[in-house]
Amino acid sequence: MKFKSIAALLLLNASAFAATEPTNSLTSANVKTQNNEIQTIETGDTASEKLTSFDSTKDHLWAYSSEGREVFNVVTDKGDVIKAVDVDGFAYSGDMILGRTQDLKNYGLKVYNGDDEENSAAQKTHSTDKLGTIIYPTSGRKWPNGRVPVAFASNLGPKAVEAINYALNHWNTNTNVQFVARSNERDYIVVQGGNSCSAMIGRQGGAQYVTLAEGCGYGGAIHELGHALGFYHEQTRQDRDNYVTIYWNNIQRGMEYNFYETTANQGTSHGNYDYYSIMHYRTTAFGINNATTIWPTYSGVDTARIGNSTQLSRGDIAAANAIYGTPDGGVTQYTGYLSKTNDFQIQPNGKYFNHSGGQIEGTLTGPNNSDFDLELYQWQSNKWVKVSSSTNYASSEKITINGQDGFYYFKVLSYEGSGNYTLKIKKN
Ligand SMILES: [Zn+2]
């Protein structure tokens, strides 16, 4: 499943590729198992003990019941179907406002389009750095250069003010997205108070609203800004049934529509299923008497953490940077954790990347009192070949090559010791 989605995404870019696409998946030999990946994500993150946002007593903040309302299908140009309810002329899917009901019925929803000029730069990384969360950076609905003007409405409550300030700062410091105070930009977000936690999805044009009730919390504010950037819910990914079980009988009447997965579609889900995504529902979301509605099929997942985070997961950050990143001439930073001597990880994020020629630079900073090394591999004649390595007796390594067109990945390995590392990858 993992590889299928990689292949599908690469296909979108096939014409841009000079080299033959690697035929063997990194997943077979070089990448850690599903469970290991989960643990790796776990280790590097700091605690999420701040405000727990998805409190079961607050389900009413997160979605309108479909009871007494029209439920209809929003069909995307990629053939996805998203269930929505009509509320006062707007199409709500849970806490996401997809647009005006009538527009969506007439025209459907246009999603990411690689031919779109505005998105063409991001498309390049789209095919390589696809980690994290489902995202529909709709054509024309991406925020140019990842810059999002924000204004505040006067009716925001004090807790909501605290939460949104935390959330804006969190996005700004952890991703390439920059929320800035609005001056006179035409398209912008208004953060307003209200009785719900909701947001209009992607850039809609003109003023658009993020609504934050007092109970939305820090995590809720980050989550809603994610919607404004174009992120959908993690558990509606097409591959979600491989990772979670939905307990339909436990779902409150009228809330079932929140749990339909989107139908098959290629190029919208980023990377592996991410239980700890800020865009994931908690395990008892919309449950009758707080019953479990969604539960991982894999063991070893920290279920208390699902939907309860107050920070972006690594996958969220990778997805945001893949869409709102700096594809050429920019530096993207990756972090990881090696647990022992001889442990290793593949970067970026367990994947290879396509490089269209020019310099590739990798700068590794490992923990003190360790000896981490860095290697660079290229796909040549149907196999992965080590093309460069940096093996100082130290925790810092640097590789710079003038790369030909092709596919590459970095390998970070521990010659001695364990700990967190940072790898900066720069492509010119
Ligand atoms: Zn949401």
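Residues numbered from 1 in each chain as written. Predicted model: local features only at pLDDT ≥ 70, side-chain atom pairs only at ≥ 80, totals over all residues.

**What about the overall build of the protein chain?**
Looking only at helices and strands, one finds 9 helices and 18 strands in the protein chain. By the burial criterion, 47% of the 428 residues in the protein chain qualify as buried. For the protein chain, contacts bridging at least 24 residues in sequence account for 78% of all contacts bridging at least 6. (Helix = DSSP H or I, 4+ residues; strand = E, 2+ residues; numbered from the N terminus. Buried ≥ 20, exposed ≤ 12 C-beta atoms within 10 Å, placed from the backbone. Contact = placed C-beta atoms within 7 Å.)

**Regarding the packing of helix α7 (residues 158–174) against helix α8 (residues 217–229)**
Direction vectors running N to C along α7 and α8 enclose 55 degrees, while the axes themselves pass 8 Å from each other. Considered as vectors, α7 and α8 are oriented oblique to each other. Considering how the two elements wind past one another, α7 and α8 form a crossing that is right-handed. Together, A163, I164, Y166, A167, H170 and W171 of α7 and G217, Y218, G220, A221, I222 and L225 of α8 make up the contact between the two elements. In the contact of α7 with α8, the residues fall into 9 nonpolar, 3 polar and no charged. (Axes fitted to C-alpha atoms, helices over the stretch in contact; angles between N-to-C directions. Parallel < 35°, antiparallel > 145°, perpendicular 65-115°, else oblique. Left-handed = near helix turned anticlockwise from the far one by under 90°. Nonpolar A, V, L, I, M, F, W, Y, C, P; charged D, E, K, R; others polar.)

**Regarding the confidence of the model for the protein chain**
Caution is warranted with low-pLDDT regions, since their predicted coordinates should not be read in detail. Chain-level pLDDT for the protein chain is 75 on average; 73% of the residues reach the 70-or-more range. Below pLDDT 50 for its whole length, residues 113–134 participates in 73 contacts with residues either more than four positions away or in separate chains. (pLDDT = per-residue confidence, 0-100.)

**Description of the sheet that holds strand β4 (residues 96–100)**
Overall, mixed pairing links the 9 strands, which are arranged β1-β2-β3-β4-β8-β9-β7-β5-β6 in an open sheet. Both edges of this open sheet fall to β1 (71–75) and β6 (178–181), since each of them pairs with a single strand only. Between one strand axis and the next, the sheet turns through 35 degrees on average, direction left out of account. Sheet strands touched by α7: β5 (147–152), β6, β7 (188–192) and β9 (207–212). Its angle to β6, the strand with the most contacts, is close to 130 degrees. Running over the sheet, α8 touches β4, β7, β8 (197–200) and β9 and is turned about 20 degrees from β8. (Pairing = 2+ DSSP bridges.)

**With respect to the nonpolar core**
With 68 residues, the main nonpolar core has L98, A167, L212 and A221 as its most contacted residues. What A167 contacts, discounting residues up to four positions off in sequence, is Y218, A221, I222 and L225. Of all hydrophobic cores here, the second largest spans 19 residues; its members include L376, Y377, W379 and Y421. (Core = buried A, V, L, I, M, F, W, Y, C linked by C-beta atoms within 7 Å.)

**What about the pairing of β5?**
Relative to β6, β5 is paired through 4 bridges, and the arrangement is parallel. The partner of V150 across the bridge, within β6, is A181. For the handedness criterion, the β-α-β arrangement of β5, α7 and β6 is classed as right-handed. In the sheet, β5 pairs with β7 via 3 bridges, with the strands oriented parallel. (Right-handed = clockwise from strand over helix to strand, strands pointing away.)

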